[in-house]
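Residue-level structural notes
This is what each chain is made of:
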Amino acid sequence: MVAGCLRRRSAQKREIPPFRNGLLSIRNIDLPEKLRRSTKAKKVRENKRNLGRSIEERPEIVDFRTEFGHWEVDTVIGKKDAAEPCVLTLVERMTRMCIWVKAQNHTAEAINKALQKVLSCFAEQRDQVFKTITGDNGSEFAGLSLLEDGKLKVYFTHPYSSWEKGTNECHNRMLRRFIPKGKSIADFTPDEICFFADCMNGLPRKILGYATPEELFERQLDRIYAA
């Protein structure tokens, strides 16, 4: 009896489990836990530049979108060429008003020059229209803090945290409807790029109660200039 039992156990050990032979219908996609677990080693990025005041220091009211005058800034490039023009993109958080300006190139000097041109359009009311500007730590914003003059304050997102200025990222995707990736921005005039922004600013938004960003922005300007 004992010998017979040992023979049965020995035979069981020699059997090949059915899942090793491809006999079961279960696949990796049927194993939710396996799909959630990443087997890739995580890479820690270090020594990322910090160009100025952290977004952690930004007034809390900016997060609530209840006060006018808080902007997010970014750039959109076409071809990957140092001499290639780019588009400077600004979005006001409360009204979702976007300003798109063609810059000479992607350098800090060219970006600051384009920003100064935008700020000068509002003359003495600049500090009421631009209370804060939030950018990322890209090299094109290395001189952004130099714009702090009067009440304007500049803040920077955490490294590799583009979601912290998600309103601008969303509008950059809208810009890609007109300027696809890889398309040279040199092919577009400044007036054409402004026209693209006008199209987006004239679009009713559900999140704004179906008002347009332009309507809400003009309403705020009327209040400021009437004071």
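For the structure given in this document, a descriptive report is provided here. (Residues numbered from 1 in each chain as written. Predicted model: local features only at pLDDT ≥ 70, side-chain atom pairs only at ≥ 80, totals over all residues. Heavy atoms only, no water.)

As for the overall build of the protein chain
A count of helices and strands for the protein chain gives 8 helices and 5 strands. Walking the protein chain from its N terminus toward its C terminus, one meets helices and strands in the order α-α-α-β-β-β-α-α-β-β-α-α-α. Evaluated residue by residue, the protein chain yields a buried proportion of 40% over its 227 residues. Across the protein chain, the fraction of contacts at a sequence separation of at least 24, relative to all contacts at a separation of at least 6, is 60%. As presented, the protein chain carries roughly 14,700 Å² of accessible surface, and 52% of it is formed by carbon and sulfur atoms. (Helix = DSSP H or I, 4+ residues; strand = E, 2+ residues; numbered from the N terminus. Buried < 20%, exposed > 50% of the residue type's maximum accessible area, 1.4 Å probe, protein only. Contact = heavy atoms within 4.5 Å. Areas by Shrake-Rupley, 256 points an atom, 1.4 Å probe, with all protein chains shown as cover.)

Observations concerning the sheet that holds strand E5 (residues 153–156)
Judged by pairing direction, the sheet is mixed, and its 5 strands sit side by side in the order E3-E2-E1-E4-E5 without closing on themselves. With one partner strand each, in any of the chains shown, strand E3 (98–103) and E5 form the two edges of the open sheet. For this sheet the average axis-to-axis angle between neighbouring strands, irrespective of direction, equals 25°. Bridge count between strand E1 (residues 70–77) and strand E4 (residues 132–135): 3 bridges; the pairing is parallel. (Pairing = 2+ DSSP bridges. Axes fitted to C-alpha atoms, helices over the stretch in contact; angles between N-to-C directions.)

Remarks on the nonpolar core
Among the nonpolar cores identified, the biggest contains 29 residues, and Trp71, Val73, Leu115, Val129, Phe130, Leu144 and Phe217 are the most heavily contacted of them. Looking at this core element by element, the count peaks at 5 residues for helix H4 (residues 108–120). If you look at the next biggest cluster of nonpolar residues, it comprises 14 residues, including Leu175, Ile185, Ile193 and Phe196. (Core = buried A, V, L, I, M, F, W, Y, C linked by side-chain atoms within 4.5 Å.)

Digging into the packing of aromatic side chains
The final tally for this structure, using the stated rule, is 8 aromatic pairs. The cationic tip of arginine 53 hangs over the ring face of tyrosine 155; the distance from NZ or CZ to the ring centre is 5.4 Å. (Phe/Tyr/Trp six-rings, centres within 6.5 Å; stacked < 30°, edge-to-face > 60°. Lys NZ or Arg CZ within 6 Å of the ring centre and 35° of its normal.)

A look at the side chain of glutamate 92
In this fold, glutamate 92 is placed in strand E2 (residues 86–92). Summary of buried charges: glutamate 92 has no salt-bridge partner, and the nearest side chain of opposite charge, arginine 93, is 7.2 Å away. One polar contact links the side chain of glutamate 92 to the main-chain amide nitrogen of histidine 70, over a distance of 3.4 Å. Excluding anything up to four places from it in sequence, glutamate 92 contacts Glu67, Phe68, Gly69, His70, Trp71 and Met97. (Lys, Arg positive; Asp, Glu negative; His and termini not counted. Salt bridge = Lys/Arg side-chain N within 4 Å of Asp/Glu carboxyl O. Polar contact = N/O pair within 3.5 Å; in protein donor to acceptor, adjacent residues only side chain to side chain.)

Section: the pairing of E3
Where a strand is regular, its side chains alternate between the two sheet faces. In terms of burial, E3 is largely enclosed, as 5 of its 6 residues are buried. Where E2 meets E3, 6 bridges bridge the pair, whose relative direction is antiparallel. Within E3, the position partnered with cysteine 86 by the bridge is alanine 103. Linking two consecutive strands that pair antiparallel, namely E2 and E3, is a turn of 5 residues; a positive phi of about 65° is found at arginine 96 within it.

Quick word on the environment of lysine 151
Looking at where lysine 151 falls in the secondary structure, it is placed in the loop between E4 and E5. Remark: the alpha-carbon pair of lysine 151 and arginine 126, spanning 25 residues in sequence, is separated by 9.2 Å. Each residue touching lysine 151, except ones within four places of it in the same chain, is listed here: Asp127 and Lys131.

Considerations on the pairing of E2
Along E2, 7 of the 7 residues are buried, which leaves the element largely enclosed by surrounding structure. The pairing of E1 with E2 spans 7 bridges and is classified as antiparallel. If you follow threonine 75 over to E2, its bridge partner there is leucine 88.

Notes on a negative patch on the surface
Taken together, the side chains of Asp198, Glu214, Glu215, Glu218 and Asp222 define an acidic patch exposed on the protein surface. Of all the elements, helix H8 (residues 213–226) adds the most residues to the negative patch, at 4 residues. The residue glutamate 215 is located in helix H8 in this model. (Patch = residues over 30% accessible without salt bridge, like charges linked within 9 Å, V, L, I, M, F, W, Y side chains within 5 Å. Charge placed at Lys NZ, Arg CZ, Asp CG, Glu CD.)

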